[in-house]
Structures are given as structure tokens and as C-alpha cells.
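# Tertiary structure, described
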Amino acid sequence: MRGVSKRFGGVVALRGVDVTIERHEKVAILGPSGSGKSTLLQIVAGLLDAEVGSVNVEGALLAKERLGRCAMMPQRDLLLPWRSALDNAAIACENRGMKRSEARARTRPFFERFGLGAFEDVSPAQLSGGMRQRVSFIRTLMADKDVLLLDEPFGALDSITRAQMQEWLLLAMADVPRTVLLVTHDVEEALLLGDAVIVLSSRPGRVVRVLDSRVDSGRSRRETVTSPEFVALKEQALEAIE
Ligand SMILES: Nc1ncnc2c1ncn2[C@@H]1O[C@H](COP(=O)(O)OP(=O)(O)O)[C@@H](O)[C@H]1O
Ligand SMILES: [Mg+2]
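Structure report, in brief. Just so you know, these numbers come straight off a predicted model, no measurement behind them. (Residues numbered from 1 in each chain as written. Chains lettered and ligands numbered in written order. Predicted model: local features only at pLDDT ≥ 70, side-chain atom pairs only at ≥ 80, totals over all residues. Heavy atoms only, no water.)

All right, on to empty space enclosed by the protein then. Remark: the empty space left among the atoms is shown by a probe the size of a water molecule rolled over them. Scanning all chains against the criterion turns up one cavity of 30 Å³ or more. When its volume is computed, the largest cavity comes out at roughly 40 Å³. Taken together, F137, L141, L148, W168, L169, A172, M173 and V176 form the lining of the largest cavity. Contributing elements (two or more residues each) for the lining of the largest cavity: α5 (129–142) and α6 (159–175). If one sorts the elements of the lining of the largest cavity by residue count, α6 sits on top with four residues. Its residues assigned to classes, the lining of the largest cavity shows eight nonpolar, no polar and no charged. (1 Å grid on protein atoms, 1.4 Å probe; cavity = no way out; pocket = protein on both sides within 12 Å on 5 of 7 lines; lining within 4 Å. Points joined across faces, edges and corners; volume = space filled by probe spheres on them. Helix = DSSP H or I, 4+ residues; strand = E, 2+ residues; numbered from the N terminus. Nonpolar A, V, L, I, M, F, W, Y, C, P; charged D, E, K, R; others polar.)

Across all of its chains, the model carries one aromatic pair by this definition. Taken together, a centroid distance of 6.5 Å and an interplanar angle of 55° make the contact between F137 and F154 tilted. Note that F137 is positioned in helix α5 and F154 in the loop between β6 (147–151) and α6, a separation of 17 residues in sequence. This pair shows no difference in class: F137 is buried, exactly as F154 is. (Phe/Tyr/Trp six-rings, centres within 6.5 Å; stacked < 30°, edge-to-face > 60°. Buried < 20%, exposed > 50% of the residue type's maximum accessible area, 1.4 Å probe, protein only.)

Strands sit in the order β2-β1-β4 across an open sheet of three strands; the sheet is antiparallel. In this open sheet, the two edge strands, each paired with only one partner strand, are β2 (11–17) and β4 (52–54). Looking at each pair of strands side by side, their axes are set apart by 20° on average, direction ignored. Sheet topology places strand β1 (residues 2–8) next to β2; four bridges connect them, and they run antiparallel. Bridge assignment links V4 to a residue of β2, and that residue is V17. Against the sheet, helix α1 (residues 37–45) contacts β1 and β2, and its axis sits at roughly 60° relative to β2. (Pairing = 2+ DSSP bridges. Axes fitted to C-alpha atoms, helices over the stretch in contact; angles between N-to-C directions. Contact = heavy atoms within 4.5 Å.)

Set out below in C-alpha cells:
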């Protein structure tokens, strides 16, 4: 993104945002509520147009060209109430042209992996908020795009499940070569999951700091978040937001 600004009526959501992400890099965008994080993701995905500035996603410059290059996990899960949990996640495969049976077979192993093994056939209304987010995350993975856009993916989860999901995502991202752009207002989540953290100011969102946040992945989450290096990074991020 080069010099991207976006306004909604009288509200300036983003101002002069420059972001560069290398292929298969995992970057977190950290900013307070209302700093334009969701707007930024929607612009990358091609759902919104930048008002000023340019956006290039692997050579796609126009919003309609960018559509379909990215898989987005929205802030709200948007599961279809008339489909089972499995069929909700499998919809991403069906959109790629697979038959329902093949789509279901491809998707099913991910339910085991996320501890949703017994919940394939229930409707979204019967799932807890955390489980719905996991179904939504599986659906995003099944789209099989090179670029994943995650909008506060674990925001609805309780803190214990959230910590477990962060650990899982860290391992999963190391496994699959994908470009990940994750937005969050959670400092720890941003530093833990991103190789770099781009800090946005409060509205209008501007880039105020870029932190190199690669942390030693050999340690447990607990050891990492309590290490002096991690605490120092946290201080820098909080200072940038202030
Ligand atoms: N479609 C829209 N119409 C009008 N205002 C919007 C729209 N989308 C976002 N905004 C406003 O733009 C600002 C940034 O919103 P958003 O990108 O959702 O922030 P964040 O995701 O960081 O919380 C907010 O003030 C919000 O009210
Ligand atoms: Mg948002």
C-alpha cells in the first residue's frame, strides 16, 4: 500500500498508509478500536477502493482484480445458519468448484485438528462463540489462497482458548507457506503471531511504528511472553500507540 487514505463521509478512517509485505511474510497490524484496521483489510481484499494512493497485491492493482487473491476471515463469523458446521467450512471448497461430497471430505480432517471432531453436523446456533470462530477459520483456510487476511480472528474467544489458538496458528503458519496479514488490538497477540508488527495510530489510522517481532519459536508461549525481549517489545508497541 502506498499513501492509502480512506474516508467515510466526514470520517477519515486511514491517512497516508504505507505497508510493504513480502511474499509469505506474517505481519500483524496493531491498532486501537476504530483505527481503520478492518477498512485496511477490506481495501487489500478489493472489497473497498482506496480513495487516495495505490494498492498492489501480487500485481493486481484494481480492486476488482484483487478480489479473489485473498481469503478473508471477517471479524464476525458470518456462518450460514441453514448449513451444518462442516458444510459452512466446506463452502470455500465448493466455491472452487468441488462437489459437496469432495468438499466435505477435504474439510473434515480440519475439524479433528481444531477439536471440533464431534461437531461437524450441528448447526452454527448450537456452537459456542469460540467454536464458530474456529469453523470460520477453517473456512478461510479451505479457500486455499496465498494471502490470508485475518480480522481479529480470536477476538471472540475466552483467554485460555485464545492462547491455545494463538499457539496453534503459530505452528500452522510455520507449516504452510502463505502470506498472512492479521489485524488485532491485542499487543501480545500481534507480537506473538507477526514476524513484524505495524502499529497504527488511533483514528485516522496512520503507521506510527514498524517493529521486528520475530521471537524465538522454540519456547512455549508462557516462556516467550514473559521473556525480557518480549516485554521490551511490548513496551515499544504500547509507547507507539500512545
Ligand atoms: N462502511 C462504513 N461507513 C461509514 N463509516 C465507516 C464504515 N466502515 C468503517 N467506518 C468508520 O471508519 C472508522 C474505522 O473503522 P474500522 O476500519 O472498522 O476500524 P477498526 O477495525 O480498527 O476498529 C470508524 O470510525 C468507523 O466507524
Ligand atoms: Mg475492525
